[in-house]
Amino acid sequence: MATKQAATFRSTVPNGTFGNLCKTEGKAIFAAEAANTVIQTLKLEAGTKLYGLKAHHDNLGAGTSIKVGYAYVDATHGAAVDDAFCSGATTSAGVLEFNGKPITLDHPAILTVTNTGTATGEVVVIPEYEYRGV
């Protein structure tokens, strides 16, 4: 059986006292917002690599759901992806998660929460990311 080294094998792996993996918190507060209201929660700089994201949500109302995604600050850098990280029903309090293949934002972007029904309540978005620079 062969042994191979991946392209990442020789990458410098930071292991300082505080590391380089970050988490932060953004809040989207819906107050009887009509469907398809987009709330911008956090701005992330170019070169940010997202490894995971959790969206803790209240019961936002009957027939509601949310989508968590991103939009570039400058729309010429690409179309918004409103469900890039997660989407799901919010008819009872819970957590939606993204833990898929990491996503690198090559340009400044805004994390967004979009509702798909009239919504009232709070969504706390906690991305897990590394700022890698451009």
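Residues numbered from 1 in each chain as written. Predicted model: local features only at pLDDT ≥ 70, side-chain atom pairs only at ≥ 80, totals over all residues. Heavy atoms only, no water.

Asker: Got a sec to walk through the sheet that holds strand 6 (residues 81–89)? Specific residues and values, please.
Answerer: The four strands are arranged 3-9-5-6 in an open sheet whose pairing can be described as antiparallel. The open sheet has two edge strands with one neighbour each: strand 3 (38–44) and strand 6. Neighbour to neighbour, the strand axes of the sheet diverge by 20° on average, direction disregarded. For strand 3 and strand 9 (residues 109–115), the ladder comprises six bridges, and the chain directions are antiparallel. Looking at strand 9, one finds that Ile 39 is bridged to Val 113. (Pairing = 2+ DSSP bridges. Helix = DSSP H or I, 4+ residues; strand = E, 2+ residues; numbered from the N terminus. Axes fitted to C-alpha atoms, helices over the stretch in contact; angles between N-to-C directions.)

Asker: An account of the environment of Ala 80 is requested, with residue identities and associated values reported.
Answerer: Its place among the elements puts Ala 80 in the loop between strand 5 (65–72) and strand 6. With 11 residues separating them in the primary sequence, Ala 80 and Gly 69 have C-alpha atoms 7.7 Å apart. Filtering out sequence-adjacent residues up to four positions away, Ala 80 remains in contact with Tyr 70 and Ala 71. (Contact = heavy atoms within 4.5 Å.)

Asker: Let's hear about the pattern of salt bridges: which residues, and what values?
Answerer: Across all of its chains, the model carries two salt bridges by this definition. The closest approach of N and O atoms between Glu 25 and Lys 27, which form a salt bridge, is 3.7 Å. Note on Glu 25: relative accessible area 45%, which makes it partly exposed. One salt bridge in this structure joins Asp 82 and Lys 67, with 2.7 Å as the shortest N-O distance. Of this pair, Asp 82 sits in strand 6 while Lys 67 sits in strand 5, placing them 15 residues apart in sequence. Accessibility expressed as a relative area gives 28% for Asp 82, which makes it partly exposed. (Salt bridge = Lys/Arg side-chain N within 4 Å of Asp/Glu carboxyl O. Buried < 20%, exposed > 50% of the residue type's maximum accessible area, 1.4 Å probe, protein only.)

Asker: Please give an account of unusual backbone geometry that cites residues and values.
Answerer: Residue Ala 32 is not a glycine yet carries a positive backbone phi of 55°. One non-glycine residue with positive phi stands out, namely Asn 36, at about 70°. Within the element layout of this structure, Asn 36 appears in the loop between strand 2 (26–33) and strand 3.

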